[in-house]
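# Coordinate inspection notes
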Amino acid sequence: MSTSLYNDHLEYITKFIYKHAGIVLTQEKSYLIETRLREVARIVGEPDLNQLIERLKTTGDVQLKTLVVDALTTNETMWFRDRRPFEALKNHVLPALQKAKPDRTLRIWSAACSTGQEPYSLAIMLEELGLFKHWDITIYATDIANKVIQKAGDGIYTQFEISRGLPAKYLVKYFQQLDGDQWQISRSIRNMVRFQRHNILTDLPPHRHLDLVLCRNVLIYFDAPSKQQILKKIHKVLNPEGFLMLGSSESTLGITDQFEHVQFDGAIFFQPAPAEQLVKPALAV
Ligand SMILES: C[S@@+](CC[C@H](N)C(=O)[O-])C[C@H]1O[C@@H](n2cnc3c(N)ncnc32)[C@H](O)[C@@H]1O
């Protein structure tokens, strides 16, 4: 029984995850890959990692493919992740959108939403702000990993997950305690969010006219051509007065000139650049 992967199997799996999710995993990450695949092996009852890869290569087993993609994604997230941008959302971005939308509709996309803390944080913020009473609001929340989308839809979190960034006042107001250490987010908040499995690289965005897109802590897993492809796609569906919110270590700089950045209290957001500003095709880095 082998517990580490042969080199050709390692190469196969790095190509597999690049092809199916755009995620760049180099062979130096063999320890991470093997650790994660061991869990898949356990689920499908295949203790030998190299046999598991053979099965993946030869059977076309869709369920196995899904399990492998799920296992090789990194789903780290938390409530109101990074204080500053969420403060800026509350104090500047959402009030600006309220003024810019006389039709009283708001379409938001949390792309790569993981287990739902990001779109639910936003839904709670919208509710708390009180600026959007009687508005028609939809938050689309998508992710490539099946397991996280299912969990997000249930809206059930452990005490540990709750403790990562959720203020106690919101726990009291918007959650119901289930058996054990589990908490479920209220139906009214769940109803504001539509979860869907979705590959940000290959699938069409969930709506054609978006006011706010959160694409946070996911571009870091992609190479320059994939980042360009994703930002181009977002640019196409973002309203001229809309905002793009990236992760704190992410930027459009050096990838595309289709966005200009705007700063609010030290947090950076991106908006579609005026057409006359687009001087040259973007260079890949
Ligand atoms: C680190 S989490 C970020 C979650 C959340 N946006 C945040 O900032 O807390 C990255 C997420 O990107 C998802 N992901 C990776 N590749 C993807 C793809 N091609 N399409 C959609 N989601 C993808 C992963 O499944 C994972 O849940």
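The shown structure was predicted, so the numbers you read here are calculated from the model rather than taken from an experiment.

With that settled, consider the site of the ligand. Taken together, 22 residues lie around the ligand, and Thr 77, Arg 81, Ala 112, Asp 143 and Asn 217 are the ones closest in. At 2.9 Å from a nitrogen atom of the ligand is found a side-chain nitrogen or oxygen belonging to Glu 118. Within the side chain of Asn 217, a nitrogen or oxygen atom sits 2.8 Å from an oxygen atom of the ligand. Here the ligand, which alone exposes 600 Å², has 99% of that area covered by the protein. Looking at side-chain class alone, the shell around the ligand contains 9 nonpolar, 8 polar and 5 charged residues.

Glancing now at the environment of Ile 33. Along the polypeptide, Ile 33 turns up in helix α2 (residues 30–44). When its relative accessible area of 0% is taken as the criterion, Ile 33 is described as buried. Between the C-alpha atoms of Ile 33 and Ile 13, which are 20 residues apart in sequence, the distance is 8.5 Å. Among all residues touching Ile 33, those that are not within four sequence positions of it are Leu 5, Leu 10, Ile 13, Thr 14, Leu 25, Thr 26 and Leu 72.

Taken in spatial order, the 3 strands line up as β3-β5-β4 in an open sheet, and their pairing is antiparallel. Each of the sheet's edge strands pairs with one partner strand only, and the pair in question is β3 (156–158) and β4 (175–177). Within the sheet, the average angular offset between the axes of one strand and its neighbour, ignoring direction, is 30°. By the bridge criterion, 3 bridges tie β4 to strand β5 (residues 182–185) in an arrangement that is antiparallel. Within the sheet, the bridge partner assigned to Gln 177 lies in β5 and is Trp 183.

Our focus in this paragraph is helix α7 (residues 146–154). One full turn of an α-helix is made of 3.6 residues, so residues set three or four places apart face in the same direction. Turning to α7, its buried residues number three or more, namely Val 148, Ile 149 and Ala 152. Each buried residue of α7 lies within a common arc of 100° when the element is viewed along its axis, so the set occupies one face. Buried positions along α7 lie against α6 (117–129), β2 (136–143), β3 and β6 (193–197). A positive backbone phi angle near 65° is found at Gly 155, which sits one or two residues after α7.

Let us now look at the domain arrangement of the protein chain. By convention, interface size is frequently given as the accessible area that disappears when the constituent parts associate. Under the domain assignment used here, the protein chain contains domain 1 (7–72) and domain 2 (83–155 + 188–277). Inter-centroid distance (C-alpha atoms) of domain 1 to domain 2 is 30 Å. Counting each side, the surface lost to burial between domain 1 and domain 2 is near 800 Å², with a carbon and sulfur contribution of 52%. Contact with domain 2 buries area across many residues of domain 1, yet Ala 21, Thr 66 and Asp 70 alone supply 46% of it, more than any other trio.

Relative to the helices and strands, Pro 272 is located in strand β10 (residues 267–272). For Pro 272, a relative accessible area of 15% corresponds to the buried category. Other than its neighbours up to four places away in sequence, Pro 272 contacts His 235, Leu 238, Asn 239, Pro 240, Gly 242, Gln 258, Phe 259 and Glu 260.

Now for the packing of helix α1 (residues 7–21) against helix α4 (residues 62–72). Two elements in contact, α1 and α4, have axes whose closest approach is 11 Å; the angle formed by their N-to-C orientations is 90°. Relative to α4, α1 is oriented roughly perpendicular. In contact with Ile 13, Phe 16, Ile 17 and His 20 of α1, α4 contributes Lys 65, Val 68, Val 69 and Leu 72. When grouped by side-chain class, the residues that make up the contact of α1 with α4 number 6 nonpolar, 1 polar and 1 charged.

Parameters at a glance
Residues numbered from 1 in each chain as written. Predicted model: local features only at pLDDT ≥ 70, side-chain atom pairs only at ≥ 80, totals over all residues. Heavy atoms only, no water. Near = heavy atom within 4 Å. Polar contact = N/O pair within 3.5 Å; in protein donor to acceptor, adjacent residues only side chain to side chain. Areas by Shrake-Rupley, 256 points an atom, 1.4 Å probe, with all protein chains shown as cover. Nonpolar A, V, L, I, M, F, W, Y, C, P; charged D, E, K, R; others polar. Helix = DSSP H or I, 4+ residues; strand = E, 2+ residues; numbered from the N terminus. Buried < 20%, exposed > 50% of the residue type's maximum accessible area, 1.4 Å probe, protein only. Contact = heavy atoms within 4.5 Å. Pairing = 2+ DSSP bridges. Axes fitted to C-alpha atoms, helices over the stretch in contact; angles between N-to-C directions. Arc of directions from axis to C-beta. Domains from an automatic or database assignment. Buried area = accessible area lost by both parts, 1.4 Å probe. Parallel < 35°, antiparallel > 145°, perpendicular 65-115°, else oblique.

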